[in-house]
Amino acid sequence: MIPARLRVFPAISRNRDPQKYVGELMRVAEFADRNGFEGILLFEGNDVFVEPWAMAQHILAATTRSSPLIAVNPVYMHPFTAAKFVSSFAQLYGRKVYLNMITGTAISDLEGLGDEQPHADRYVRLGEFVALMRELLASQRPVNLEGRFYRASNLQLRPRLPAELMPEFLIAGQSEAARRVAEETGCIKMQMLPPELDRGLNAPGMNFGIFARESSEEARQAAKARFRDNPDNRELLALTVENSDSVWKRRLYEGQTGELHDNGYWLLPFLTFQADCPYLVGSHAEIGAKLKEFAAKGLTTIMLDMVADETEMQHVCKALRASELF
């Protein structure tokens, strides 16, 4: 069944300039608020310039309807603290938030934080984190939990969150452990845009970027002018892949080229460390038609990499609206 509309969370293309980071995020957040996007994706990690919970509050205060999608990694926070933030935002702004549940960060960052859990166990911990958060937010009574990683004894969060403000949880990992936890917890499963586009869609959520123009040829030329190949940037990505146990990052990196496929699939922005996902390049009409096809196969939610430029964002909107699902 095709959804009534696609929920789209824009994210700024990778930004390595702390002087521009907040300005770009706010430009995209305010544009998203005016143009029907669900909210904006906020990253988490040792190298993120502004803590996503702080950035979420800044965005909630400056917008009228936006529901930020906040990355949450258990290595940085206890479930009670995360639940308290969600509850606080609900009371302050009367809006729900979405939570992008992650386990990944650089191996060197995990070592620096003293987190020695294996990859699979970090997903077990993530599942317990989600379960405890949900109980704390929804339960009228004190919560008790005896898990491998979290224990709670008569723990209560006040006030109880209204059902309409309960957060929705997304899981973006591509490993078997990630898939299992997404199923067990009922989180929205995310995946990367596959190279074939029409095959390999097996999740309700997808992560990719859009680069669009009126015609396909114009889009391809403009995309190549915007995202240029660069050996130094490729080397930088290689170093980050070495320092990561992320399954999705390795799958994208290994055996891929930067060629722009005939179907519009393009990995060069990822391979040159300018984006965290593949791009879909084409005319507004072509991309709109593809989105409609994806929705017919079960797509409901998109994490959308987007260049923080007014002209580019308007082109993205035209492509989304061409799907008639946005």
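Let us look at the structure shown here. (Residues numbered from 1 in each chain as written. Predicted model: local features only at pLDDT ≥ 70, side-chain atom pairs only at ≥ 80, totals over all residues. Heavy atoms only, no water.)

### With respect to the environment of Leu-271
Under the convention used in this document: Numbering of helices and strands runs from the N terminus, with a helix taken as a DSSP run of H or I at least four residues long and a strand as a DSSP run of E at least two residues long. Any residue under 20% of the maximum accessible area for its type is buried, any over 50% is exposed, and the rest in between are partly exposed; the area is computed with a 1.4 Å probe on protein chains only.
Relative to the assigned elements, Leu-271 resides in helix H10 (residues 268–271). What makes Leu-271 buried here is its relative accessible area of 4%. Leu-271 sits 42 residues away from Asp-229 along the chain, and the two C-alpha atoms are 8.5 Å apart.

### So, the nonpolar core
Here is the rule we go by: By convention a nonpolar core is built from buried Ala, Val, Leu, Ile, Met, Phe, Trp, Tyr and Cys residues, the set being connected through side-chain atoms within 4.5 Å. Whether two residues touch is decided by their heavy atoms; if any such pair falls within 4.5 Å, the residues are in contact.
In terms of nonpolar packing, the biggest core is built from 82 residues, with Leu-99, Ile-210 and Leu-304 touching the most fellow members. The dominant element in this core, judged by the number of residues it contributes, is helix H5 (residues 119–138), at eight residues. In this structure, Leu-304 is in contact with Val-8, Phe-9, Pro-10, Ala-11, Phe-37, Phe-208, Gly-209, Ile-210, Val-316 and Leu-320, ignoring residues within four places of it in sequence. Counting twelve residues, the second-largest nonpolar core is a separate cluster that includes Phe-211, Ala-223, Trp-266 and Val-307.

### Looking at the pattern of salt bridges
For clarity, the threshold we go by: What counts as a salt bridge is simple: a side-chain nitrogen of Lys or Arg found within 4 Å of a carboxyl oxygen of Asp or Glu.
By the definition in use, this model includes twelve salt bridges. Among the ionic pairs, Glu-146 bridges to Arg-151, the shortest N-O distance being 3.1 Å. Looking at Glu-146, the relative accessible area reads 62%, which means it is exposed. The salt bridge partner of Lys-292 is Glu-324, with a shortest N-O separation of 2.7 Å. In this pair, Lys-292 sits in helix H11 (residues 284–296) while Glu-324 sits in the segment after helix H12 (310–322), placing the two residues 32 residues apart along the sequence. Taking relative accessible area as the criterion, Lys-292 reaches 35% and is therefore assigned partly exposed. On the basis of relative accessibility, which here comes to 60%, the residue Glu-324 falls in the exposed class. Here the salt bridges do not stand alone but share partners, grouping Arg-7, Lys-96 and Glu-168 into one network.

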